[in-house]
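# Notes for the structure review
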Amino acid sequence: MTHPISFVSLGPGEPELITVKGLKQLQQADIIYCPATRNKQGTSLSRAADIVRALEIDETAIHCFMLPMSKDRTEAWKVYDTLYYEAADRYRNGQRIVIVAEGDAGFYSSIQYIYDKFTKAGIAVQRTAGIPAFIAAGALAGLHIVKQEEEIVVIPGTPSADELSEKINAGYVIVIMKLSQCVEAVYECIRRHPQAQFHYFENVGTDKEYYTSDKQIITQKSFPYFSLMIIQAV
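The rules behind the values
- Residues numbered from 1 in each chain as written.
- Predicted model: local features only at pLDDT ≥ 70, side-chain atom pairs only at ≥ 80, totals over all residues.
- Heavy atoms only, no water.
- Domains from an automatic or database assignment.
- Contact = heavy atoms within 4.5 Å.
- Buried area = accessible area lost by both parts, 1.4 Å probe.
- Polar contact = N/O pair within 3.5 Å; in protein donor to acceptor, adjacent residues only side chain to side chain.
- Nonpolar A, V, L, I, M, F, W, Y, C, P; charged D, E, K, R; others polar.
- Buried < 20%, exposed > 50% of the residue type's maximum accessible area, 1.4 Å probe, protein only.
- Helix = DSSP H or I, 4+ residues; strand = E, 2+ residues; numbered from the N terminus.
- Pairing = 2+ DSSP bridges.

It is common to report an interface's size as the accessible area lost on association of the parts. Domain parsing of the protein yields domain 1 (5-128) and domain 2 (133-232). Averaged C-alpha coordinates put domain 1 and domain 2 at centres separated by 28 Å. Taken residue by residue, the interface counts nine residues in domain 1 and 13 residues in domain 2. Interface area for domain 1 against domain 2, summed over the two sides, is near 890 Å², with a carbon-plus-sulfur share of 69%. Its largest share of buried area at the contact with domain 2, domain 1 owes to P12, R47 and Y108, together 58% of the area lost on that side. Taken together, the connections running from domain 1 to domain 2 amount to two residue pairs in polar contact (both at pLDDT 80 or more). Residues of the side of domain 1 that touches domain 2, tallied by class, amount to five nonpolar, one polar and three charged.

This next bit is on the pairing of strand β11 (residues 227-232). Among the six residues that make up β11, six are buried, leaving the element largely enclosed by the rest of the structure. Where burial is concerned, the two faces of β11 agree: the one with S227, M229 and I231 and the one with L228, I230 and Q232 are both buried. For strand β8 (residues 173-176) and β11, the ladder comprises four bridges, and the chain directions are antiparallel. The residue bridging I174 from the neighbouring strand is I231, located in β11. Two strands pair when backbone bridges link them, and strand β9 (residues 197-202) and β11 are joined in this way by six bridges, in the antiparallel orientation. In the strand pairing of β11, H199 is matched with I230.

Here it is as structure tokens:
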């Protein structure tokens, strides 16, 4: 008997923010694939695996696959291709396979690449929804992120200061993911729009989570990889 390959969304980082459905899939899995990276010292790091371990899942089921951190995704696609063939073999052998992703597996997640490969190959897949980091960030700060007739845009960290200003002037609520890629644009927008509210977050859902809306503090910070911002026009 074959079981669908499950893509389980872990949420933003706090283990208790996983769904009950996602937890059950982890508990039933024969193997759980977790993305990992290496830091400058060469040490393997996996926030996903740390979350799974915190849920008291059998350590022997956890298998990390190493993803290179580069804007050039060529090597990452090769890693996903290797994972695809390994998982496909295990699927055909009847194993229960889970592939995890932080946040939501279908929201700014490169894991969608391998999900699509399974689908095209006729391999059964299922995906469990998770809490995106910006939703958890709103809860952390007690924000009503959008209300009444407001509109929201969620963007990666690619905009220029002019593009951000255009959205602020149009009255959008803006969520910037991958904030570390547009530091100067954010600094400039803070100078241009003193009336707007800028909510800055780091490492949401972990023991290192941090939040501030103090513009002076924000403009003195260097944004780490796990940071995001919610901008509300006033």
